[in-house]
Amino acid sequence: MIVANKKKIHQMSDNLSESEFVQGRSLWADARRRFMGNKAATVSLYILVLIVLFSFIGPWFAVWTNEEIDWGAMGSAATQGMPSFATGHFFGTDDLGRDIYSRVIQGTQISLMIGVIGAAIAVVVGTLYGSISGYVGGRTDQIMMRIVDILMAIPFMFVLILMLVVFGRSIGMLFVGIGLLSWLDMSRIVRGQTLSLKNKEFIEAAQATGVSDFKIITRHIVPNLLGVVAVYATLLVPGMILAESFISFLGLGVQEPNTSWGALISEGAGTIRYDTEWQLLFPLAFFVVSLFCFYFIGDGLRDALDPKDR
Amino acid sequence: MIQPIVKARDLQKHYPVKSGFLKPSQNLRALAGVSFDLYAGQTLAVVGESGCGKSTLARLLAMIEEPTSGRLSIDGVDLTEVNNKSLSKGLRQKVQMVFQDPFGSLNPRHKIGDILQEPLVINTGLNASERRQKALEMMSLVGLREEHFQRYPHMFSGGQRQRIAIARALILKPKVVVLDEPVSALDVSIQAQVINLLIELQQELSLAYVFISHDLSVVRHIADEVLVMYLGRPVEHSSKEVLFSNPQHPYTQALLSATPQVATQRDRQRIKLKGEMPSPIDPPSGCVFNPRCQYANQDCLTTPPVMELYNESRVACWALKQRRIGDEKLAN
């Protein structure tokens, strides 16, 4: 064996490290660089940002508000309510003479809000529930996960529709319903990840140092889970939007005078045979483009945060 | 008389293993009665095959898990009697651990500075600048430079990471450091570097090491005493010199003969053990080594042997006690 004294060790470390000062780059910074290298994801991110900005800045350019009725176009949307700059109806009007441009803005806000809030509930509740279940383990884990299994076995749409019928149709009820069920998948994914992290040596090192269990979960487990959680959450947002649109399409979700992409698409689809295809196409375009963007971003995030050990 | 810093008496650790739905769970005896004393400045090496309970012993000593039975006292305080949280926190500071895998033992999301400071945050009342000062001191002690403070673990090589892990273990000024195969994941040249660093730190801070390894050539370099384990039981415990020059237990002899060496003695006999290590769920009766031992007789099959002093070694073996081997060795 080589007998190296302290001096030699110092020299060795000096040789090993570059002489100039290198700022540490975190895994997050690395991931951001990889994400930005992904064209589809970056473009999707920009488009999505534009859509969000549009839903806030758009009203400044609107000639008609979402509640005003153009009496001239009412009842004769096919001839009077076409998309045109002259009348101020950029996206046309619906059969009641309401401005689709303003309605789409309103629908975008509500749909995105439902998507983001639903995913946020899933992230917060699912991450906490899953990481506690996985970290504590044993009987606690068994009971917590069987509860999830039971809840998952209940058909989600059926319960949601039932709730909306029994407790009345409102956005609040929609949030409660989606929030109650969206965290189930998340908690399972997080639990699985926690189980594999739990036996990593840095967790044991923290235990040997005397770090409390709660601190281990918040400081050591959750930060290492966030990659998976972020990917899953971005894929969850379009899922939430789809669920809401489906409910609204059935007529149970968002109620007038509020609207959402699903409700607008439903209305547009109902009147398509009267030659008013703009009533369907504009909300549909926003819906489809946004969903694509979310999926591309989720995909890009997954590649960027690929949970390989480095 | 000097007090031992670690005193283990008949330490046992059992894990319940579920064999199926509604069936009674079985006991896996990972550790079945280990005793030793460790003094400040000394190194006890624990060697044995995989699955012999080395790492379980390490986890018990580092207080990651509690022993099922037996007594463990650290610096004169009996761990099994401590229920008080603040006292056990004080004890935790005295025993720290370095792990086998330098790639798994550092949180990839934290900077080196944060990793080193975490023990201080939890166990001391130092403020931020004092903590930073201490972390930097520790880094220079293990040969890392100041600018490494802001970097992340993935920017370091295996040897550097292991030195970070050592720095983290030493930052609380422990009296005992449990080293769970600290060099087996490293290149040979880096191994020498880390081992020499460990020896130097031991002399400087008069640390007691529990050095767990399956690599006997490393053990020969660092250990003062060696404890050979088989299936959760100690089979031989002696000083390094005695163990390497005159191994007593048949298992130790086989283990030593399996160490790769530059072939200086051409007629060195390689003792080949037959079969696998038995399952710790269902250990053989009598001496647990009997299915693989060439000297096994009726006594070995029925009664477990106890540790007794024999040729300066404490050995648990019937064949030795009954002079069936050893004398034969003298004749050679």
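Please read all numbers here as calculations on a predicted model, not as lab measurements.

K.L.:
Just to check I follow, could you spell out the overall build of chain B for this structure?
P.N.:
When you go through chain B residue by residue, the secondary structure sums to twelve helices and twelve strands. Over its C-alpha atoms chain B spans a radius of gyration of 21 Å, differing by no more than 12% from the 20 Å that the globule rule assigns to 332 residues. Its C-alpha atoms put chain B at 65 × 55 × 50 Å along the principal axes. Looking at chain B as a whole, 42% of its 332 residues are labelled buried. Counting only contacts in chain B whose residues sit at least 6 apart along the sequence, the fraction spanning at least 24 positions is 65%.

K.L.:
Honestly, the overall build of chain A in this entry has me stumped. Any pointers?
P.N.:
A count of helices and strands for chain A gives twelve helices and zero strands. Reading chain A from its N end, one meets helices and strands in the order α-α-α-α-α-α-α-α-α-α-α-α. Here the analysis covers contacts within chain A between residues at least 6 apart in sequence; of these, 71% occur between residues at least 24 apart.

K.L.:
Which parts of the structure should I look at to understand the packing of helix α7 (residues 156–167) of chain A against helix α8 (residues 171–198) of chain A?
P.N.:
Between two packed helices, what matters for the description is the angle formed by their axes and the separation of those axes. Residues and elements named next belong to chain A. Running from N to C, α7 and α8 cross one another at 155 degrees; their axes reach a closest spacing of 10 Å. Judged by the inter-axis angle, α7 sits roughly antiparallel to α8. Relative to α8, the crossing made by α7 is right-handed. Each of Phe156, Leu160, Met163, Leu164 and Phe167 in α7 lies in contact with α8, whose residues at this interface are Met173, Gly177 and Leu181. Of the residues contributing to the contact of α7 with α8, the split by class is seven nonpolar, one polar and no charged.

K.L.:
Help me understand the environment of Phe294(A) in this model?
P.N.:
Residue and element names in this part refer to chain A. Tracing the backbone shows Phe294 in helix α12 (residues 278–304). In this structure Phe294 comes out as buried when scored by C-beta crowding, with 23 C-beta atoms within 10 Å. Each residue touching Phe294, except ones within four places of it in the same chain, is listed here: Thr234, Val237 and Pro238.

K.L.:
Whenever I open this one, the confidence of the model for chain A confuses me. Can you help?
P.N.:
Residues shown with low pLDDT carry predicted positions that ought not to be read at fine detail. Averaged over all residues, the pLDDT of chain A equals 81, while 89% of them reach at least 70. When pLDDT is averaged over each element of chain A, helix α6 (residues 138–153) of chain A comes out on top at 90 and helix α1 (residues 6–16) of chain A at the bottom at 57.

K.L.:
Just to check I follow, could you spell out unusual backbone geometry for this structure?
P.N.:
Trans is the prevailing form of peptide bonds, just as negative phi is the prevailing case for residues other than glycine. Residues and elements named next belong to chain B. Unlike most non-glycine residues, Asp75 shows phi in positive territory, near 55 degrees. As for its position among the elements, Asp75 is in the loop between β4 (69–74) and β5 (77–78). According to the C-beta neighbour criterion, Asp75 is partly exposed, with 17 such atoms within 10 Å. Phi at Ser206 takes a positive value of approximately 45 degrees, unusual for a residue other than glycine. Along the polypeptide, Ser206 turns up in the loop between α6 (188–205) and β8 (208–213).

K.L.:
Please explain the sheet that holds β4(B) as it appears in this structure.
P.N.:
Pairing between the strands of a sheet is mediated by backbone hydrogen bonds and can be parallel or antiparallel. Residue and element names in this part refer to chain B. Reading across the sheet, the four strands line up as β2-β1-β4-β5 and stay open at both edges, with antiparallel pairing between neighbours. Edge positions in the open sheet fall to β2 (26–38) and β5, since each of these has one partner strand only. The pairing of β4 with β5 spans two bridges and is classified as antiparallel. The residue bridging Ile74 from the neighbouring strand is Val77, located in β5.

K.L.:
Looking at this model, I keep getting lost on the nonpolar core. Mind explaining?
P.N.:
One broad trend across soluble globular proteins is that nonpolar side chains are buried collectively. Ranked by size, the top nonpolar core spans 151 residues in total, and within it Ala45(B), Val178(B), Val210(B) and Phe211(B) carry the most contacts. Tallying contributions element by element places helix α10 (residues 213–249) of chain A first for this core, with 14 residues. Not counting residues within four places of it along the chain, the set of residues in contact with Val178(B) comprises Ala58(B), Leu61(B), Ala62(B), Val95(B), Met97(B) and Val210(B).

K.L.:
Could you clarify how one ought to interpret the packing of helix α3 (residues 39–61) of chain A against helix α5 (residues 100–136) of chain A in this entry?
P.N.:
Residue and element names in this part refer to chain A. It is the contact of α3 with α5, at a shortest axis distance of 9 Å, that shows an interaxial angle of 135 degrees. Regarding the angle of α3 to α5, the classification is oblique. The two elements α3 and α5 cross, and the hand of that crossing is left-handed. Mapping the contact onto sequence places Ile51, Val52, Ser55, Gly58 and Pro59 in α3 and Ser102, Ile105, Thr108, Gln109 and Leu112 in α5. Across the contact of α3 with α5, the residue classes tally to five nonpolar, five polar and no charged.

K.L.:
How do you make sense of the environment of Gln193(B) when you look at a structure like this?
P.N.:
Its place among the elements puts Gln193(B) in helix α6. Judged by the 25 C-beta atoms lying within 10 Å of it, Gln193(B) is buried.

K.L.:
Would you mind showing me how to read the sheet that holds strand β6 (residues 95–98) of chain B here?
P.N.:
Residue and element names in this part refer to chain B. Across the sheet, eight strands lie side by side as β6-β7-β8-β3-β9-β10-β12-β11; this open sheet has mixed pairing. Both outer strands of the open sheet, β6 and β11 (308–310), are each paired with one neighbouring strand and no more. On average, each strand axis in the sheet is inclined to that of its neighbour by 20 degrees, with strand direction left out of account. The pairing of strand β7 (residues 176–180) with β8 spans five bridges and is parallel. Considered in β8, the bridge of Val177 is made with Tyr209. Those strands touched by helix α9 (residues 250–257) are β9 (225–230) and β10 (233–239), and its axis lies near 105 degrees from that of β9.

K.L.:
Looking at this model, I keep getting lost on α10(A). Mind explaining?
P.N.:
Helical geometry note: an α-helix holds 3.6 residues per turn, so side chains three or four residues apart project in the same direction. Residues and elements named next belong to chain A. With 37 residues, α10 extends only 46 Å from end C-alpha to end C-alpha; this falls clearly short of the ideal 54 Å at 1.5 Å per step. At Val222, α10 is bent by approximately 45 degrees, the largest bend along its length, and proline Pro223 sits one to four residues beyond. Positioned one or two residues after α10, Gly251 has a phi angle of 90 degrees, which is positive.

K.L.:
In this structure, what is going on with the pairing of β4(B)? I would like to understand it.
P.N.:
Remember that side chains alternate between the two faces of the sheet whenever the strand is regular. Residue and element names in this part refer to chain B. Pairing of strand β1 (residues 6–17) with β4, which is carried by five bridges, proceeds in the antiparallel orientation. Residue pairing for β4: Ala8 is matched across the bridge by Leu72. Counted along the chain from β4 to the antiparallel partner β5, the turn is two residues long, and its residue Asp75 has a positive phi close to 55 degrees.

K.L.:
Looking at this structure, I do not really get the environment of Gly268(A). What am I missing?
P.N.:
All names here are of chain A. Inspection of the secondary structure puts Gly268 in helix α11 (residues 261–270). On the basis of neighbour counts, which here come to 20 C-beta atoms within 10 Å, the residue Gly268 falls in the buried class. In this structure Gly268 touches Gln279, Leu280 and Pro283, once residues within four positions along its chain are discounted.

K.L.:
Even after reading the chapter, I still don't get the confidence of the model for chain B, so can you show me in this structure?
P.N.:
Per-residue confidence for chain B averages 83 on the pLDDT scale, and 93% of its residues sit at or above 70. Of the regions scoring below 50 in pLDDT, residues 328–332 of chain B engages in zero contacts with residues more than four places distant in sequence or in other chains.

K.L.:
Any chance you could explain α7(A) here in plain terms?
P.N.:
Over its twelve residues, α7(A) runs 16 Å from end to end, which matches the ideal 16 Å to within 8%, given 1.5 Å per residue. With its phi angle positive at about 90 degrees, Gly168(A) sits one or two positions after the end of α7(A).

Reading guide: rules and limits
- Residues numbered from 1 in each chain as written.
- Chains lettered and ligands numbered in written order.
- Predicted model: local features only at pLDDT ≥ 70, side-chain atom pairs only at ≥ 80, totals over all residues.
- Helix = DSSP H or I, 4+ residues; strand = E, 2+ residues; numbered from the N terminus.
- Rg over C-alpha atoms; globule rule 2.2 N^0.38 Å.
- Buried ≥ 20, exposed ≤ 12 C-beta atoms within 10 Å, placed from the backbone.
- Contact = placed C-beta atoms within 7 Å.
- Axes fitted to C-alpha atoms, helices over the stretch in contact; angles between N-to-C directions.
- Parallel < 35°, antiparallel > 145°, perpendicular 65-115°, else oblique.
- Left-handed = near helix turned anticlockwise from the far one by under 90°.
- Nonpolar A, V, L, I, M, F, W, Y, C, P; charged D, E, K, R; others polar.
- pLDDT = per-residue confidence, 0-100.
- Pairing = 2+ DSSP bridges.
- Core = buried A, V, L, I, M, F, W, Y, C linked by C-beta atoms within 7 Å.
- Expected span 1.5 Å × (residues − 1).
- Bend = angle between axes of the 7 residues up to and from the residue.

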